[in-house]
Amino acid sequence: MQRITIDLVSDVVCPWCYVGKARLELAIAEVQDEVGIDINWRPYQLNPDYPPEGVDHQEELAKKLGGKENMDRAHAQLSAMGKEIGIHFDFDAIKVGPNTLDAHRLIHWAGVESREMQDKVVAALFKANFEQGRNVGDHAVLVEIAKEAGLDGALIARLLATDSDREMVLSEIEAAKDMGVNGVPFFIIDQKYAVSGAQPQDVLANAFREIAAEKAAEQSKLN
């Protein structure tokens, strides 16, 4: 079986990234007997200028989207889409628009443990923000999420209190921008192919099959 590696550039406060994650999981389940897929979560910040304590989410988002009506319309569309793939968006519950730099540091530390641990933490962060209205910029919330996922909460609390890996995460975000990533989710497959946006399950599944077939053909030429 061919294996494919996906570097998935995303932010945990991006609803389309949450939709993209759910669709990706459905696509992986569809091709699991044909293609093996490894995921590395890569950082991006939609709102890098937000202060550490965050902002009034509803107010800022309404401003960004050109008014409350536009925001409500976008939320209704996303909620309907989410229901189809098992996401229960609760946009009204989100009070704080967080700065996500520390959430990305936590994702990085989870990835040092294993890809499975990283995926578990990413899923918990999305759920905390979009379904539970928890502030994923708050260190206490991040420590809780880390502990729930099976990480050492005391260690994570100590690391969060320092600048550990801050520059590394920021440089990864810059590297993504230098590559031309200006919106998320953004899928980089095997360091060769780029797919932008929360693509439907069948589009992703077909892309994985095609890339795996291409890899197999390349390998058979070498043999």
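These figures come from a predicted structure and were not determined experimentally. (Residues numbered from 1 in each chain as written. Predicted model: local features only at pLDDT ≥ 70, side-chain atom pairs only at ≥ 80, totals over all residues. Heavy atoms only, no water.)

K.L.:
Could you clarify how one ought to interpret the pattern of salt bridges in this entry?
P.N.:
Side chains that carry opposite charge are capable of pairing whenever their charged atoms lie near each other. Applying the stated criterion across every chain, the model contains 16 salt bridges. Residue Arg105 is joined to Asp102 by a salt bridge in which the shortest nitrogen-to-oxygen separation is 3.0 Å. You can see Arg105 and its partner Asp102 sitting in helix H4 (residues 101–113), 3 residues apart, about one turn around the helix. We note that Arg105, like Asp102, is buried. (Salt bridge = Lys/Arg side-chain N within 4 Å of Asp/Glu carboxyl O. Helix = DSSP H or I, 4+ residues; strand = E, 2+ residues; numbered from the N terminus. Buried < 20%, exposed > 50% of the residue type's maximum accessible area, 1.4 Å probe, protein only.)

K.L.:
Which parts of the structure should I look at to understand the side chain of Arg23?
P.N.:
Mapping Arg23 onto the fold places it in helix H1 (residues 15–31). No salt bridge is formed by the buried Arg23; the nearest opposite charge belongs to Glu84, separated by 6.0 Å. Separated by 2.4 Å, the side chain of Arg23 and the backbone oxygen of Ala198 make a polar contact. (Lys, Arg positive; Asp, Glu negative; His and termini not counted. Polar contact = N/O pair within 3.5 Å; in protein donor to acceptor, adjacent residues only side chain to side chain.)

K.L.:
Quick question: what am I supposed to make of unusual backbone geometry here?
P.N.:
Outside of glycine, negative phi angles account for most residues, and trans bonds account for most peptide bonds. Of note, the amide linkage connecting Val184 to Pro185 takes the cis form, showing an omega dihedral of 5°. Here the phi dihedral of Asp190 falls at roughly 55°; this positive angle occurs in a residue that is not glycine. Within the secondary structure layout, Asp190 lies in the loop between strand S5 (186–189) and strand S6 (193–196). One non-glycine residue, Gln191, lies in positive phi territory at about 60°. As for its position among the elements, Gln191 is in the loop between S5 and S6.

K.L.:
Sorry, what's going on with the sheet that holds strand S2 (residues 35–43) here?
P.N.:
To summarise the sheet geometry, strands pair through backbone hydrogen bonds and adopt either a parallel or an antiparallel arrangement. Taken together, the 4 strands give an open sheet; going across it, the order is S2-S1-S5-S6, and neighbouring strands pair in mixed fashion. Looking at strand neighbours, the two that pair on one side only are S2 and S6, the edges of this open sheet. Neighbouring strand axes in the sheet, compared pairwise and without regard to direction, differ in orientation by 25° on average. Direction of pairing for strand S1 (residues 2–10) relative to S5: antiparallel, over a ladder of 4 bridges. Bridging across to S5, Ile6 finds its partner in Ile189. Running at roughly 165° to S2, H1 makes contact with S1, S2 and S5 of the sheet. Contacts from helix H5 (residues 115–130) reach S1 and S2, with the element oriented near 60° to S2. (Pairing = 2+ DSSP bridges. Axes fitted to C-alpha atoms, helices over the stretch in contact; angles between N-to-C directions. Contact = heavy atoms within 4.5 Å.)

K.L.:
What's the story with H1 in this structure? I'm lost.
P.N.:
Taking 1.5 Å as the rise per residue, H1 with 17 residues should run 24 Å; its terminal C-alpha atoms sit 25 Å apart, in good agreement. Residues of H1 that are buried include every one of Pro15, Cys17, Tyr18, Val19, Gly20, Lys21, Ala22, Arg23, Leu24, Ala27 and Val31, and no others. The inward-facing, buried residues of H1 abut S1, S2, helix H3 (68–84), H5, S5 and helix H9 (201–222). (Expected span 1.5 Å × (residues − 1).)

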